[in-house]
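Per-entry structural report
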Amino acid sequence: EAGVAQSPRYKIIEKRQSVAFWCNPISGHATLYWYQQILGQGPKLLIQFQNNGVVDDSQLPKDRFSAERLKGVDSTLKIQPAKLEDSAVYLCASSLGVGSGNTQYFGPGTRLTVL
Amino acid sequence: GQQVMQIPQYQHVQEGEDFTTYCNSSTTLSNIQWYKQRPGGHPVFLIQLVKSGEVKKQKRLTFQFGEAKKNSSLHITATQTTDVGTYFCAGGTSYGKLTFGQGTILTVHP
């Protein structure tokens, strides 16, 4: 079974530029999550989708971050404009359904460096 | 909002010694999950605990969920060099949202 795919694996940009990350979840997984992991910290949930609807985006900085999952399969996370403090690993995860008991499977992440 | 605290931040052990990491939540949890992240890798699911006072074992790993469902621990018996990594607890809600602790970085000296 293929895992969660993410691209690119690494990205270096200058502050005020824009950047986009792509995630393809495990086939058949209805729930998709985007996390931000700053060095030395645990992952922080940015947004959770159930199919193409948003379940939770309470920690998404909506003035600069946006995410979509238009067809309920793959997803894109965008940052515009980027700030220095956005340097982090952006992890995508997926699970079969929503709710406790559904294991989240993480992708390899995209490491973003903002200069 | 919900906060999950994890201690210690770092733990250095000699191979063969035991290791324990503790997790405390500011609120009662629906469930608690544990993940392991190897250096340069991504979090990998280890286990989920749901019931008050639950204890689960996976070979040398023992996981406990507190009676009040606000704290948890992970204990590794006789550590091996393959146990190296960061161990995260994550408090879960009924709709699947996870709040991760800061993690405990385990170093095992051969």
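Preceding this section is the structure that the text describes.
Definitions and cut-offs
Residues numbered from 1 in each chain as written. Chains lettered and ligands numbered in written order. Predicted model: local features only at pLDDT ≥ 70, side-chain atom pairs only at ≥ 80, totals over all residues. Heavy atoms only, no water. Helix = DSSP H or I, 4+ residues; strand = E, 2+ residues; numbered from the N terminus. Rg over C-alpha atoms; globule rule 2.2 N^0.38 Å. Buried < 20%, exposed > 50% of the residue type's maximum accessible area, 1.4 Å probe, protein only. Contact = heavy atoms within 4.5 Å. Areas by Shrake-Rupley, 256 points an atom, 1.4 Å probe, with all protein chains shown as cover. Lys, Arg positive; Asp, Glu negative; His and termini not counted. Charge placed at Lys NZ, Arg CZ, Asp CG, Glu CD. Salt bridge = Lys/Arg side-chain N within 4 Å of Asp/Glu carboxyl O. Polar contact = N/O pair within 3.5 Å; in protein donor to acceptor, adjacent residues only side chain to side chain. Nonpolar A, V, L, I, M, F, W, Y, C, P; charged D, E, K, R; others polar.

Next up on the list: the overall build of chain A. Counting secondary structure elements, chain A contains 0 helices and 11 strands. Counted from the first residue to the last, chain A has its helices and strands arranged as β-β-β-β-β-β-β-β-β-β-β. Taken over the C-alpha trace, chain A has a radius of gyration of 13 Å; the compact-globule value for 115 residues is 13 Å, and the two agree within 12%. Taken over the C-alpha atoms alone, chain A extends approximately 40 × 25 × 25 Å along its principal axes. The buried share among the 115 residues of chain A stands at 47%. Residue pairs in contact within chain A that sit at least 24 positions apart in sequence constitute 54% of those at least 6 positions apart. Taken as a whole, chain A presents about 5,600 Å² of accessible surface, with 49% of it coming from carbon and sulfur. The distance from the centre of the 12 positive side-chain charges to the centre of the 9 negative ones in chain A is 5 Å.

Moving on, we get to the interface of chain B and chain A. Many analyses report the size of an interface as the accessible area lost when the parts associate. Between chain B and chain A, the residue contacts involve 19 residues of the former and 24 residues of the latter. The interface formed by chain B and chain A holds 1 salt bridge in total. Residues D56 of chain A and K97 of chain B are paired through a salt bridge, measuring 3.5 Å at the closest nitrogen-oxygen approach. Linking chain B with chain A are 2 residue pairs in polar contact (both at pLDDT 80 or more). Among the elements of the structure, β4 (31-37), β5 (44-49) and β10 (98-100) of chain B are those that each provide at least two residues to the side of chain B that touches chain A. Take the side of chain B that touches chain A: its biggest share by element is 4 residues, from β4 of chain B. Tallied by class, residues from the side of chain B that touches chain A come to 7 nonpolar, 11 polar and 1 charged.

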